[in-house]
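Inside the fold
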Amino acid sequence: MKVLAVVEQRDGALRKVSHEILAAARVLADTSGGAVDAIVFGAGAVSGMEQLGGFGADRVLHATHADFALYAPDGASATIASIGAGYGAIVFAATAMGRDLAPRVAARLGVACATDITGLAVEGDVVTVTRPIYAGKVLQHGRLTGATAVVSVRPNTFHPAASGKAGSVTALAVPAFTARVTSKGVKKPDAAVLDVTEATVVVSGGRGLKEPVNFKLLEDLAAAFGNAAVGASRAVVDAGWRDHGEQVGQTGKTVSPQLYIAVGISGAIQHLAGMRTARTIVAINRDKDAPIFKVADYGIVGDLFEVVPRLTEEVRKIRSS
Amino acid sequence: MKIAVCLKRVPDTTAKIVIGASRTTIDETGVKFVPNPYDEFALEAAIALKEQAGAGETTVIAVGTDASQETLRTALAMGIDRAVLLQSPGSADGLAVARVLAAELKAGVYDLVLFGKLAVDDYNHQVGAMVAELLELPCITAAAKMTLSGGAIEAEREIEGGVEVMGCTLPAVVTCDKGLNNPRLPSLKGIMAAKKKPLDAKPVTLEAASFEVTSLELPAERQAGRIVGEGADAVPALIALLRNEAKVL
């Protein structure tokens, strides 16, 4: 099966998730005996595209257009659709871009799209997927029976393997398209912030923090880890303490970090649904009967205002040694 | 301005989900159903836009069984003018649903079509964008802010590490994220009025899907771990476990 991996760039550099997309594409190509093409959109050269061969791309297709400096939904979907029928599968990441782009491409090709998948296989020439639904309360197993299987893979699920192989970069013709929607740019926060879905470590806070200003404790802990993002429970997002973008749970984000630290979060069913696939879960809560301890690998019962600063101090020591 | 909102009836997010006897659907016994929470942002946006304009018509459309009539009445009670139910058991295939919605929307000739960014049952996150492609309309997904002036929409959507500002002109499709507004609750007067508002139910046939569900399964329960200790004194033991046992530090 020929597989197309739609990788992502921002500001002229490939995003880390691109290597995960290739890892997922490789699963399909290797089990069915096929090759992987990676498609890169850019206004010009994209830093990192020469190295995609080392992450599993047999060929790198470079689509350039002035509009591709920013995300251009119509141009990107028209370009992918122009070559898409030649592939058995098209793999996106379930990111802001992939969630927007994959269904557009699927609709143009007249095939189904499986979003946010965590498991992928080929049976005969049919792609089978596993995807969490109901925010992870249920796993759905399904088959994509169309000519081309369009999937988006959950970040932090497929692990990149570097081979050091080279991949040749070929220019890909961009078909004429109508830009019905245009990006007017990206507003960035003052400091670079990792997204909870992509961070290796997530430190989340709930009502136990008592006041919005106390999230500084979690920001400090996240900074001590270095590769961490701050998350939040629905209660504190609904109270306006934190942005919705940080919400973990059924009406927020589903995360799968290596380490999830729940601070002052009791563990409502809709929150547990959003973080149960984390590799290791730590809970810090003063209530020893809080449901969060039923899913946590390690728990500390106690006052978070004493425990968290101590934890930050210890993590800082390790990270600086 | 004519605005349409596409609505889905879903289990409440607090519901415990049990897999049904067929293994491909959930057991709906005792489950409370609600309008999809993200669709409520779309309903509120439609009602507010009509209020601001002082004119126009708002329509809510659902694909579902007759059980969805109650969900549509909730939307009417919030202030939507009329409802359409496309009677069908629905499908796990987003494109099959998008096709019947697109046909209905095309016939209605709307200026703005609103969706929730995803439905909290199947998490497909795709029907809005697919409908836009089928109708060849501009589409902005997951809008957390939206302004409309002179027939042009500017919307902000959260992306990893930033906010993307997108623009397009009407007619258009926008899918709505949390943050867009605070959906109103139906008033008693609204609930009474909703009973008299038009609800047009008609059967539709969904095309054979190219995504089929083979089975559902409950994820493995996480094993409860251990309480490492109490208070700040337990931190060194936790650090040791994270380094040596979990190997995540």
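Residues numbered from 1 in each chain as written. Chains lettered and ligands numbered in written order. Predicted model: local features only at pLDDT ≥ 70, side-chain atom pairs only at ≥ 80, totals over all residues. Heavy atoms only, no water.

Turning next to the packing of helix H2 (residues 73-84) of chain A against helix H3 (residues 96-109) of chain A. All names here are of chain A. Between H2 and H3, the shortest axis-to-axis distance is 9 Å and the interhelical angle comes to 45°. Accordingly, the angle class assigned to the pair H2 and H3 is oblique. The interaxial crossing formed by H2 with H3 has right-handed handedness. Listed contacts from H3 to Pro-73, Asp-74, Ala-76, Ser-77, Ala-78, Ile-80, Ala-81 and Gly-84 of H2 are Asp-100, Leu-101, Arg-104, Val-105, Arg-108 and Leu-109. Partitioned by chemical class, the residues of the contact of H2 with H3 number eight nonpolar, two polar and four charged. (Axes fitted to C-alpha atoms, helices over the stretch in contact; angles between N-to-C directions. Helix = DSSP H or I, 4+ residues; strand = E, 2+ residues; numbered from the N terminus. Parallel < 35°, antiparallel > 145°, perpendicular 65-115°, else oblique. Left-handed = near helix turned anticlockwise from the far one by under 90°. Contact = heavy atoms within 4.5 Å. Nonpolar A, V, L, I, M, F, W, Y, C, P; charged D, E, K, R; others polar.)

Next up on the list: the environment of Pro-73 of chain A. Note that Pro-73 of chain A resides in helix H2. According to the relative accessible area criterion, Pro-73 of chain A is buried, its value standing at 0%. Counting along the chain gives 242 residues from Pro-73 of chain A to Val-315 of chain A, while the straight-line C-alpha distance between them is 41 Å. Each residue touching Pro-73 of chain A, except ones within four places of it in the same chain, is listed here: Asp-100, Leu-101, Arg-104 and Val-181 of chain A together with Met-166 of chain B. (Buried < 20%, exposed > 50% of the residue type's maximum accessible area, 1.4 Å probe, protein only.)

Moving on, we get to the interface of chain B and chain A. By a frequent convention, interface size equals the accessible area lost on bringing the separate parts together. At the junction of the two partners, chain B supplies 85 residues and chain A supplies 92 residues. For the pair chain B and chain A, the two sides together bury roughly 7500 Å², of which 55% comes from carbon and sulfur. Applying the counting rule to chain B against chain A returns eleven salt bridges. When the shortest N-O distance is used, the salt bridge between Lys-187 of chain A and Glu-156 of chain B registers 2.5 Å. Across the chain B-chain A interface, the total number found is 49 residue pairs in polar contact (both at pLDDT 80 or more). Grouping the constituent residues of the side of chain B that touches chain A by class yields 44 nonpolar, 16 polar and 25 charged. Taken together, the six bridges between strand E10 (residues 138-144) of chain A and strand E12 (residues 211-217) of chain B define a ladder with antiparallel strand orientation. Bridge pairing links Arg-143 of chain A to Glu-212 of chain B in E12 of chain B. (Buried area = accessible area lost by both parts, 1.4 Å probe. Salt bridge = Lys/Arg side-chain N within 4 Å of Asp/Glu carboxyl O. Polar contact = N/O pair within 3.5 Å; in protein donor to acceptor, adjacent residues only side chain to side chain. Pairing = 2+ DSSP bridges.)

What follows concerns the state of the cysteines. One pass over the full model with this rule turns up zero disulfides over all chains. With no disulfide of its own, Cys-139 of chain B lies closest to Cys-168 of chain B among cysteine sulfurs, the gap being 8.3 Å. (Disulfide = S-S within 2.5 Å.)

Residue and element names in this part refer to chain B. The residue after Leu-170, namely Pro-171, is reached through a cis peptide bond having omega -5°. Its place among the elements puts Pro-171 in the loop between strand E9 (162-169) and strand E10 (172-176). The phi dihedral of Ala-142 falls on the positive side, at around 55°, and the residue is not glycine. With respect to the element layout, Ala-142 can be found in strand E7 (residues 139-149). Ala-142 gets classed as buried once you look at its relative accessible area, which sits at 10%.

Turning our eyes to something else, we now look at the environment of Val-3 of chain A. Residues and elements named next belong to chain A. Here Val-3 is to be found in strand E1 (residues 3-6). As a C-alpha pair, Val-3 and Glu-198 span 195 residues in sequence and 24 Å in three-dimensional space. Contact partners of Val-3, with chain neighbours within four places excluded, come to Ala-25, Leu-28, Ala-29, Ala-35, Val-36, Asp-37, Tyr-87, Ala-89 and Val-91.

Glancing now at the nonpolar core. Core analysis: the largest hydrophobic core is formed by 95 residues, its most contacted members being Ile-80 of chain A together with Leu-101, Leu-105 and Leu-114 of chain B. When residues no more than four places from it in sequence are discounted, the contact partners of Leu-105 of chain B are Ala-4, Cys-6, Ile-61, Tyr-110, Val-113, Val-131 and Leu-135 of chain B. In this structure, Ala-5, Val-36, Val-40 and Val-151 of chain A belong to the second largest nonpolar core, which totals 37 residues. (Core = buried A, V, L, I, M, F, W, Y, C linked by side-chain atoms within 4.5 Å.)

A separate point is the domain arrangement of chain A. All names here are of chain A. Each assigned domain of chain A is listed with its residue range as follows: domain 1 (3-172) and domain 2 (201-320). A separation of 31 Å is found between the C-alpha centroids of domain 1 and domain 2. Buried surface at the junction of domain 1 and domain 2, summed over both partners, amounts to about 680 Å²; 51% is from carbon and sulfur atoms. Three residues, Ala-135, Lys-137 and Arg-154, lead the burial of domain 1 against domain 2; their summed loss comes to 68% of the area buried on that side. The tally of links between domain 1 and domain 2 comes to one residue pair in polar contact (both at pLDDT 80 or more). Along the lines of polarity and charge, the residues of the side of domain 1 that touches domain 2 split into two nonpolar, two polar and two charged. (Domains from an automatic or database assignment.)

Here a ring pair, both rings aromatic, is described through the centre-centre distance and the interplanar angle of the planes. Residues and elements named next belong to chain A. All chains considered together, the criterion is met by three aromatic pairs over all chains. Taking the centre distance of 5.1 Å and the plane angle of 90° together, the rings of Phe-41 and Phe-68 count as edge-to-face. With Phe-41 in strand E4 (residues 36-42) and Phe-68 in the loop between strand E5 (59-64) and H2, this residue pair connects regions lying 27 residues apart in the sequence. Comparing Phe-41 with Phe-68 shows no difference in burial state: the two are buried. (Phe/Tyr/Trp six-rings, centres within 6.5 Å; stacked < 30°, edge-to-face > 60°.)

Bringing the pairing of strand E9 (residues 126-133) of chain A into the picture now. Residues and elements named next belong to chain A. Most of E9 is tucked away: eight of the eight residues are buried. Residues Val-126, Thr-128, Thr-130 and Pro-132 line one face of E9 and the alternating positions Val-127, Val-129, Arg-131 and Ile-133 line the opposite face, and both faces are buried. Looking at chain direction, strand E8 (residues 119-123) and E9 are connected through five bridges and run antiparallel. Within E9, the residue paired with Glu-123 across the bridge is Val-126. In sequence, E8 turns back onto E9 through a hairpin of two residues, with Gly-124 there showing a positive phi of about 65°. For E9 and E10, the ladder comprises seven bridges, and the chain directions are antiparallel. Bridge pairing in E10 places Arg-131 opposite Gln-140. Count of turn residues in the E9/E10 antiparallel hairpin: four residues, of which Tyr-134 carries a positive phi of about 45°.

This part covers the packing of H3 of chain A against helix H4 (residues 127-135) of chain B. It is the contact of H3 of chain A with H4 of chain B, at a shortest axis distance of 8 Å, that shows an interaxial angle of 40°. Overall, the two elements H3 of chain A and H4 of chain B adopt an arrangement that is oblique. The two elements H3 of chain A and H4 of chain B meet at a crossing, and its hand is right-handed. On H4 of chain B, the residues that touch Asp-100, Pro-103, Arg-104, Ala-106, Ala-107 and Arg-108 of chain A of H3 of chain A are Ala-129, Met-130, Glu-133 and Leu-134 of chain B. Classifying every residue of the contact of H3 of chain A with H4 of chain B gives six nonpolar, no polar and four charged.

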